[in-house]
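Now for the letters of each chain:
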Amino acid sequence: MKVLVSDQISELGINKLREKAVVDVRTQLTPAELVQAIPEYDALVVRSSTKVTRAVLEAGKNLKVVGRAGVGIDNIDVEAATEQGIIVLNAPEGNTISAAEHTVAMMTSLARNIPAAASSLKAGEWKRSAFMGVELYGKTLGVIGLGRIGTEVIKRAQAMGMDIVGYDPYISDERAEKLGVKLATLEEIYRKADFITVHTPLTKSTKHMISTKELAMMKDSVRLINCARGGLIDEAALCEALQTGKIAGAAIDVFEEEPATCNPLCELKNIIVTPHLGASTAEAQINVAVQVAEQVLNALSGEPLVSAVNVSVIPAETMAEVRPFIPLMKTLGSFHSQVFSEQIESIEILYSGEIANFPTTLLTNSFLIGLLSVILQETINNVNAPVIAMQRGIKVREVLSRSVDNFTNLITVNIKTKEGIRTVAGTLFNKDDIRIVQIGQYKIEVVPSRNMLVTTYNDVPGVIGRFGVMLGENNINIAGMQVGRQSVGGEAVMVVQVDSAVSDEVLQKLQSLDAILSLHFVQL
């Protein structure tokens, strides 16, 4: 086996590869040189500098696996790799401890004014009273996002005697109890916590999740830490809150635009800033190199993989029957996550009809991919989807039934949340025509589209008309509409397909219409 390493990685990772393969380290290849060199190699290992393009992958006639020594895979054409049957791997856990430790370091430095005190003393000053701090012991730490890094922060904060409240809609009560965390709403955390640290991906729903409104809810003594993603905290609102004394301080490692050398936050006295150092430790760089090396060797040897981005192993004849249902399951998962954004405890997927005669694990994983991808920025795939669900305390159960009424195949997903059972169901017409046939308690027949509005409302005259007029007044074209109800004059559900995205301002106007009970904008 021959492995090409085209970016600088830890020597320990290279040594691991050399245990079972011939390794060439060539870190100065041009794109053309890489295309010319790649045909003789079985594996390619990169960091972020090498661009693994379609041209590179198509030239790799012997290439079986591409390993990324790090988390992000933006520099790898995963779609082209999949088409070529090439496995793509990364190392998502390598920087967990480093990021958690940096968060705690920022929090303790903020509590005791360490950077400012150090600068003052180096300037020849001795101003002990100017740098009065606060203890962490007995303080309440609000942790938003209870994934790998958030969990490690919690362990360290507990060791310092802090009380932990946490928010994560995809963590069960059982899992939170094991972590020693009291689950709370975001508003409860904002109002109660002395320190708040964010550990969520940056998505449409999390961008500026902490802004003027949220800052106004917080104690004047609160201190904020962000070592996760720039953009989670509205920097303009944070700057104003720090300047006016609305909050006591902040510690920021990540920014909306980087390098952040001209960011106004860097000019304030009550903030600590670092240049995106969360993963910048020697150990983290060793970890990602060794982890990706181990996975590359496993891929070349046919061993089980834990961090593959694009792997699904299923016999070809079975795959022909199962493959058409994969888009349906991803659609159901994404749809459910955007319509029912509640804390999940368990998932039951009922496969009814002919589909029950085939292996359904791939389909269940496809549902989890759609569900989890809405809120998690990390790559969710057939390999890691069940692992991530398990880590978050989500129990997943499959039920098979070869009998079904009215459909050849029907897949019904019942998700247990703290608020009750939330159901979506779907089927296929003619092998590739997706239909959502149940939303909550309502029977309906929805043709999914890119942009949809999903609303529940009181079934009284004029509601649908006013809804449509409001969309028209805001230059939003309706492409289709379906409704479902259980009784005349009761509650009903309506799905409206639209030709463009709907802004938050328009959503607020629609929500304010009489008889509208709930409203969600869904993008698939």
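Here the structure is a predicted model, which is why all the values come from computation and not from measurement. (Residues numbered from 1 in each chain as written. Predicted model: local features only at pLDDT ≥ 70, side-chain atom pairs only at ≥ 80, totals over all residues. Heavy atoms only, no water.)

## Remarks on the overall build of the chain
Okay, so step 1: When helices and strands are tallied, the chain shows 18 helices and 22 strands.
Okay, so step 2: Counting only C-alpha atoms, the chain reaches 80 × 65 × 45 Å along its principal axes.
Okay, so step 3: Taking all 524 residues of the chain together, 51% fall into the buried category.
Okay, so step 4: Expressed as a percentage of contacts within the chain between residues at least 6 apart in sequence, the contacts between residues at least 24 apart total 64%.
Okay, so step 5: Accessible area for the chain stands at about 24300 Å²; split by element, carbon and sulfur atoms hold 50% of it.
Okay, so step 6: On the chain, the mean spot of the 48 positive side-chain charges and the mean spot of the 58 negative ones are 4 Å from each other. (Helix = DSSP H or I, 4+ residues; strand = E, 2+ residues; numbered from the N terminus. Buried < 20%, exposed > 50% of the residue type's maximum accessible area, 1.4 Å probe, protein only. Contact = heavy atoms within 4.5 Å. Areas by Shrake-Rupley, 256 points an atom, 1.4 Å probe, with all protein chains shown as cover. Lys, Arg positive; Asp, Glu negative; His and termini not counted. Charge placed at Lys NZ, Arg CZ, Asp CG, Glu CD.)

## Section: unusual backbone geometry
Okay, so step 1: Here the amide bond leading from E258 into P259 is cis, since omega sits at 0 degrees, within 30 degrees of zero.
Okay, so step 2: Mapping P259 onto the fold places it in the loop between β11 (249–252) and β12 (271–273).
Okay, so step 3: For N113, which is not glycine, the phi torsion reads 55 degrees and is therefore positive.
Okay, so step 4: Relative to the assigned elements, N113 resides in the loop between α5 (96–112) and α6 (114–122).
Okay, so step 5: The phi angle at N406 is positive, at roughly 75 degrees, despite the residue not being glycine.
Okay, so step 6: With respect to the helices, strands and loops of the structure, N406 is situated in the loop between β14 (395–401) and β15 (409–417).

## Notes on the pattern of salt bridges
Okay, so step 1: Evaluation of the coordinates by the stated rule reveals 21 salt bridges.
Okay, so step 2: Here K219 and D194 are joined by a salt bridge, their closest N and O atoms 2.8 Å apart. Placement of the pair is K219 in the loop between α10 (212–217) and β10 (223–226) and D194 in the loop between α9 (186–192) and β9 (195–198), with a sequence separation of 25 residues.
Okay, so step 3: Judged by relative accessible area, which is 13%, D194 ranks as buried.
Okay, so step 4: Its salt-bridge partner being E342, residue R422 comes within 3.0 Å of it at the nearest N-O pair. Of the two residues, R422 is situated in strand β16 (residues 420–429) and E342 in the loop between α14 (325–339) and β13 (344–353); the sequence distance between them amounts to 80 residues.
Okay, so step 5: The exposure class of R422 is partly exposed, given its relative accessible area of 23%. (Salt bridge = Lys/Arg side-chain N within 4 Å of Asp/Glu carboxyl O.)

## Examining the environment of V104
Okay, so step 1: Examined against the element boundaries, V104 turns out to sit in helix α5.
Okay, so step 2: A relative accessible area of 12% places V104 in the buried class.
Okay, so step 3: In this structure the C-alpha to C-alpha distance between V104 and A157, which are 53 residues apart in sequence, comes to 7.5 Å.
Okay, so step 4: Beyond its immediate chain neighbours, meaning those up to four positions away, V104 contacts V153, R156 and M160.

## Quick look at the sheet that holds strand β5 (residues 87–89)
Sheets are built from strands that pair by backbone hydrogen bonding, the pairs being arranged parallel or antiparallel.
Okay, so step 1: Across the sheet, which stays open at both edges, the five strands sit in the order β2-β1-β3-β4-β5 with parallel pairing between neighbours. If you trace the sheet from one side to the other, it starts and ends with β2 (22–25) and β5, each paired once. Geometrically, the sheet is characterised by an average inter-axis angle of 15 degrees between neighbouring strands, direction not taken into account.
Okay, so step 2: The sheet contact formed by strand β4 (residues 65–68) and β5 spans three bridges and is parallel. (Pairing = 2+ DSSP bridges. Axes fitted to C-alpha atoms, helices over the stretch in contact; angles between N-to-C directions.)

## Some words on the side chain of E235
Okay, so step 1: Structurally, E235 is set in helix α11 (residues 235–244).
Okay, so step 2: Although buried, E235 forms no salt bridge, and the nearest oppositely charged side chain, K207, lies 10 Å from it.
Okay, so step 3: Excluding residues within four positions of it along the chain, E235 makes contact with V254, F255, E256, N263 and L265.

## A closer look at the pairing of β15
Okay, so step 1: Extensive coverage of β15 is indicated by the burial of seven of its nine residues.
Okay, so step 2: Note: β13 against β15, nine bridges, orientation antiparallel. Counted as the bridge partner of S346 is K416 from β15.

## Regarding the sheet that holds β10
Okay, so step 1: One open sheet holds the seven strands; their spatial order is β8-β7-β6-β9-β10-β11-β12, and the pairing between them is parallel. Every other strand in the sheet has two partners, leaving β8 (182–183) and β12 as the edge strands with one partner each.
Okay, so step 2: Helix α7 (residues 148–159) rests against β6 (140–144), β7 (163–167) and β9 of the sheet, and its axis sits at about 170 degrees to β6.
Okay, so step 3: Most of the contacts of α11 go to β11, to which it runs at about 140 degrees, and overall it touches β10, β11 and β12.

## Comments concerning the side chain of S10
Okay, so step 1: Inspection of the secondary structure assignment puts S10 in the loop between β1 (2–5) and α1 (11–18).
Okay, so step 2: Ignoring any residue separated from it by four or fewer positions in sequence, one finds S10 in contact with Q285, I286 and A289.

## Some details on helix α12 (residues 282–301)
Okay, so step 1: Over its 20 residues, α12 extends 29 Å from the first C-alpha to the last, a length consistent with the 28 Å expected when each residue adds 1.5 Å.
Okay, so step 2: Those residues of α12 that are buried lie in contact with β1, α1, β3 (43–46), β4, β5 and α5.
Okay, so step 3: Immediately beyond the C-terminal end of α12, within one or two residues, lies G302, with a positive phi of roughly 75 degrees. (Expected span 1.5 Å × (residues − 1).)

## Side note on the nonpolar core
Okay, so step 1: Core analysis: the biggest nonpolar cluster contains 46 residues, and F335, I347 and F367 have the highest contact counts within it.
Okay, so step 2: Look past the residues within four positions of I347 in its chain and what remains in contact with it is F367, L368, L371, I394, K395, V396, R397, V413, N414 and I415.
Okay, so step 3: In this structure, I210, A237, L238 and A241 belong to the second largest nonpolar core, which totals 31 residues. (Core = buried A, V, L, I, M, F, W, Y, C linked by side-chain atoms within 4.5 Å.)

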